[in-house]
Every structure is written in C-alpha cells, then in structure tokens.
Amino acid sequence: MAIAVEQPAASPARPAGARLVSVLGRLAAYLQAAPLALILGVFLLAPILMIVAVSFWDYDFARLYPDFILTNYAETLGSWVTWRTYLNTLKYAAIVWALTLFIGFWVAYFIAFHVRTATMQTVLFLVCTVPFLTSNIIRMISWIPVLGRNGLVNATLIEMGLVSTPVEWLLYSDFAVVLAMVHLYTLFMVTPIFNTLMRIDRALIEAARDAGANGWQVLWNVVLPLAKPGMAIGTIFVVTLVMADFITVQVMSGGQSASVALMMRNQMSLLQYPAAAANAVVLLVLVLLMVAGILRIVDIRKEL
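Residues numbered from 1 in each chain as written. Predicted model: local features only at pLDDT ≥ 70, side-chain atom pairs only at ≥ 80, totals over all residues. Heavy atoms only, no water.

This next bit is on the packing of aromatic side chains. In the structure shown here, the tally under the stated rule is 10 aromatic pairs. With centroids separated by 5.0 Å and ring planes inclined at 40°, the aromatic side chains of Y109 and F113 adopt a geometry described as tilted. Of the two residues, Y109 and F113 are both situated in helix α3 (residues 80-114); the distance of 4 residues between them amounts to about one turn of the helix. Here the two residues Y109 and F113 agree in accessibility, since each one is buried. Counting every residue linked through ring pairs, the aromatic cluster contains F105, W106, Y109, F113 and W216. (Phe/Tyr/Trp six-rings, centres within 6.5 Å; stacked < 30°, edge-to-face > 60°. Helix = DSSP H or I, 4+ residues; strand = E, 2+ residues; numbered from the N terminus. Buried < 20%, exposed > 50% of the residue type's maximum accessible area, 1.4 Å probe, protein only.)

Next up, the structure:
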C-alpha cells in the first residue's frame, strides 16, 4: 500500500517591492561606509602602496629611477649594521613596554579602585594628561638640565657625598633614551587600562572576597585577567610609538645610539628614498606581526 508523502508548499516569491527595499538597504549601507572607506583609501592605503612601490625603485645621488629591483631589500636585510639597529630598536621597545606597563597598570589601578568619587578620578586623570599640554620635544629636552653633568641629580648626589665626580651615564645614554620614552608614552598605557578597569563589575571583586580571597588573590585571579584587553591596547600603542620614534633616540643618546626610524631619517636626508622605503616596509611588517601576535593572545574587540 503506497503512502502518499505530502510535499511542502513552495515558498511564495518575494514581492518586487520587498526586493527593491532590500537592494536599497544594501545600497544605503555602502553609501554610509563610502566616506570612511574613501578617507582610509586616500590617506592610509594609498601612501602605504606608494611606499611599497618606491622601495623597489633604483636611485643615485641625483634622482630616482622607477624600476623593480630587490637591491634595497638585499642591502637592508643583508647588513649586520641594519640587524644591530633593529635589535637595538626592539630592545628599546621591550624595556619601555615593561616599564610603562608596570607604571601604567598601578596608576590606573589606584585611580580606578582607590579613588572613590568620579570627580576626583577625573581630576587625577587630568593631572596625568597635564604634561601632554606641551610638545614632546619640550618634555624630552626638560630632562637635560636634570640629568646633565652639572644637572640637578648630579649636584644632589655630590652634595650628599654619594659620589665624588658627576655620573656620566645619566645623560646621552640608553638610560636617558628609555627614561624619556617612559615619560612620553606612559599615558598611552594608563588610558586603556583605566578604561578597562572601570568596566569591571565590582560585584565580581566582592564575590571573590566573600569566597575568602585576599587582596593579591583578587588582583591576580580577577583584576588582571579582566584587564588584559586594556593592557593589550596599551601595548600596541607603546610598541608602535617606540618603534617609530627617532627624535628621542637622537637627542637623548647624543647621537651615540640608533634606531630604525633614525636610520630611515638619515637615509631620507641623503635623498636615499628607496632604501628608506624598504626599511619602512620591513619595519611595518615587523610591527604588524607583533600586533597580530598580541591580537592572537588577547581579544580586544569588546574594548573597541
């Protein structure tokens, strides 16, 4: 005995008006995104593509020659001087990142958890931003009379009898470069961490304390894991700024140290634009790999 199987009724075709509304909706979305896409394309993507193109050109002391050669990359990646410069830049980035992360976290933690009123939190946060009312160069140069041979620190040490002669390594050294960079970039670590800490539900901290956790256990098991997105964003800010900084290295080291950005600046001053473009592409790839590694470890989308 055959069993009749009822076929499902075919869904009615969408009315022409509904299809038109759907098409207009997609078109409106594209039109809304068009201005931002145009701005990013003109001011971000196009310059990067131009730098990549110039990195393959040839040049001499007088002019550039549009070409497609790998000489610039061979000279960049095949020179031990370049590798030492990159390692020196990475050293600065690692040290400055560690110091700004340590200082920035505790500053943000104090403002977020130990300052009770929102008004006082705002006041203290504005105090942190006061140095940014002046230019980076002024804030950097202000360390010279403090750290110099006859500066405030050396004068104090000599008067206290701790040293008999001025300490030479306080200025025009790697110490001065790192100190100036920490001074310049700590706020870029404080801001995202503070924003993340302010979003933490205080009920989680109270629950941890009710469960018997002490202050350090709450910090390690509750606060730090929830603060990772802000720490990752601050890391991206600080690392990219340090990798691209050349004026701090030039001034605070007294020309005794080097960075990739300073090397590119010197190449451009000698009209070696293709060589500088090749270094810029290598540096961009290196920074993007570092950012990609951070994003693989920490998901920062909820903070954006």
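In this section: the environment of A244. Turning to its location among the elements, A244 is positioned in helix α11 (residues 215-244). Separated by 15 residues in the primary sequence, A244 and S259 have C-alpha atoms spaced 8.6 Å apart.

Before going further, it helps to examine the UniProt feature "domain: ABC transmembrane type-1" (unreviewed entry) in the protein. The UniProt record marks residues 86-294 with the feature "domain: ABC transmembrane type-1" (unreviewed entry), using the residue numbering of this structure. Helix and strand shares over residues 86-294 are 77% and 0% respectively, and the end C-alpha atoms of the span are 20 Å apart. (UniProt positions renumbered as here; feature names shortened; annotations may be inferred.)

Another aspect to go through is the environment of D201. If you trace the backbone, D201 turns up in the loop between α9 (187-198) and α10 (202-210). On the accessibility criterion, D201 (46% relative accessible area) is partly exposed.

Bringing the pattern of salt bridges into the picture now. A full pass over the atoms with the stated rule returns 3 salt bridges. Between E206 and R209 there is a salt bridge, with the nearest N and O atoms lying 3.7 Å from each other. Of the two residues, E206 and R209 are both situated in helix α10; the distance of 3 residues between them amounts to about one turn of the helix. With a relative accessible area of 43%, E206 lands in the partly exposed category. Among the residues examined, R209 registers a relative accessible area of 48% and is labelled partly exposed. (Salt bridge = Lys/Arg side-chain N within 4 Å of Asp/Glu carboxyl O.)

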